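# Structural overview for review
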Protein chains: 2
Amino acid sequence: MAEREGPRPGGRSARVQASVHRAARDLLARMDRAEVTIPLIAAEAGVTPSTIYRRWGELNELLADVAVERLRPDMEPVETGSGRGDLLAWAEQYAEEMSSGIGREMIRDVLAAEGAAGPRRCCGYARQQIAVIAGRAEARGEVFPDIDTILDGVIAPILFRILFDEALGLERVGSLVAGVFATVERRAA
Amino acid sequence: MAEREGPRPGGRSARVQASVHRAARDLLARMDRAEVTIPLIAAEAGVTPSTIYRRWGELNELLADVAVERLRPDMEPVETGSGRGDLLAWAEQYAEEMSSGIGREMIRDVLAAEGAAGPRRCCGYARQQIAVIAGRAEARGEVFPDIDTILDGVIAPILFRILFDEALGLERVGSLVAGVFATVERRAA
């Protein structure tokens, strides 16, 4: 499992991984998902197909790995001056990104692989981002909901509706955020 | 799309569908999911593979159809004497079934097919069951949360945790149900 968490940066293994990931992303951008194959990715990345089979086993696993990597946050949550504002801004952006065509494809790829490692890493990324917002709020002495309450009360409905129904509009995302704050503020009062 | 909602009961098409579904379920019970193929299902069902290809297109679509059919509720929600009790009993059973090995496989099959029809039918089944409970509660003059609040506040976290984290325990399911009632009761007071 160490490899899934990323090999030693700069090593040969890390360079191979980066180039295979890049090749997969490029092909996914250029052609239909159903046409992407391991031999095509290998040719694009300049490695042999057996390098890919050895490391990832099968296409589903590689595409899940690529999707998880793309879902890794590349910035700190925007600062708005309050924990509530930060969470709202972050949740709105999350809902928009995940319900886009690319977002849906990434979620699907993550869920299509065997095992729970990929989905859990995605959940972990959301946790990390919310923890950053919570840390700032705490430093300002604000009341802030705990992370699991936010996962169940805000993130879960966003993803559930994308997967099983229709994506929530931003107004509804706003009322989910208001809901988790209402509970914690009532408790604090 | 009419066929996906089920052909005329008793007709030839309905008999073929029932026998293909039964064959797929039997094979899934006997062998590893990765070994199940359309030719095997066709042989088991006593139809030609082309009958299956013509109707379902590919294995993913057929398995999604079988999974959706298995997720269709086969009983009314248990009556406990109150809407809150009924919802709690139903949600606990739902959480247990969905987090079981078979439940996880069915969710995965439903999400693996192209298009949103299968997942939406699953969401529709949950809606129908909750509507039955809501109707009984209304007839008794009880305060009861609206269905979308229950989808977001109870069903969404149950499925989100199964897919992306760890399945929720029954205690947490109970507090999610309590949460949707707390909000609606406060509003009514």
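Quick caveat: nothing in here was measured; it's all calculated off a predicted structure.

## Topic: the overall build of chain A
Summing up its helical and strand segments, chain A has nine helices and zero strands in all. In chain A, the order of α-helices and β-strands from amino to carboxyl end is α-α-α-α-α-α-α-α-α. With the C-alpha coordinates of chain A rotated into their principal frame, the extents come out at 65 × 35 × 25 Å. Summarising the internal contacts of chain A: among those between residues at least 6 apart in sequence, 67% fall at separations of at least 24. Accessible area of chain A: about 9300 Å², with a carbon and sulfur share of 51%. Averaged over its 24 positive side-chain charges, chain A has a centre that lies 5 Å from the centre of its 29 negative ones.

## Things to note about the domain arrangement of chain A
Taken domain by domain, chain A consists of domain 1 (3-57) and domain 2 (71-188). Between the C-alpha centres of domain 1 of chain A and domain 2 of chain A there is a distance of 29 Å.

## Points about the relation of the copies chain B and chain A
Structural alignment of chain B on chain A gives an RMSD of 0.0 Å, achieved by rotating through 180° and translating 0.0 Å along the axis. Such values leave the two copies arranged in the relation of a two-fold axis. Minimal C-alpha distance to the rotation axis in chain B is attained by Ala156(B), lying at 2.7 Å. Comparing interface residues between copies, 100% of those in chain B also sit at the interface in chain A, which points to an isologous, same-surface contact.

## Some thoughts on the UniProt feature "DNA-binding region" (unreviewed entry) in chain A
Per the UniProt entry, the sites bearing "DNA-binding region" (unreviewed entry) are residues 37-56 of chain A in this numbering. Its end C-alpha atoms 13 Å apart, residues 37-56 of chain A is made of 80% helix and 0% strand.

About the cut-offs
Residues numbered from 1 in each chain as written. Chains lettered and ligands numbered in written order. Predicted model: local features only at pLDDT ≥ 70, side-chain atom pairs only at ≥ 80, totals over all residues. Heavy atoms only, no water. Helix = DSSP H or I, 4+ residues; strand = E, 2+ residues; numbered from the N terminus. Contact = heavy atoms within 4.5 Å. Areas by Shrake-Rupley, 256 points an atom, 1.4 Å probe, with all protein chains shown as cover. Lys, Arg positive; Asp, Glu negative; His and termini not counted. Charge placed at Lys NZ, Arg CZ, Asp CG, Glu CD. Domains from an automatic or database assignment. Least-squares fit on C-alpha atoms with pLDDT ≥ 70 in both. UniProt positions renumbered as here; feature names shortened; annotations may be inferred.

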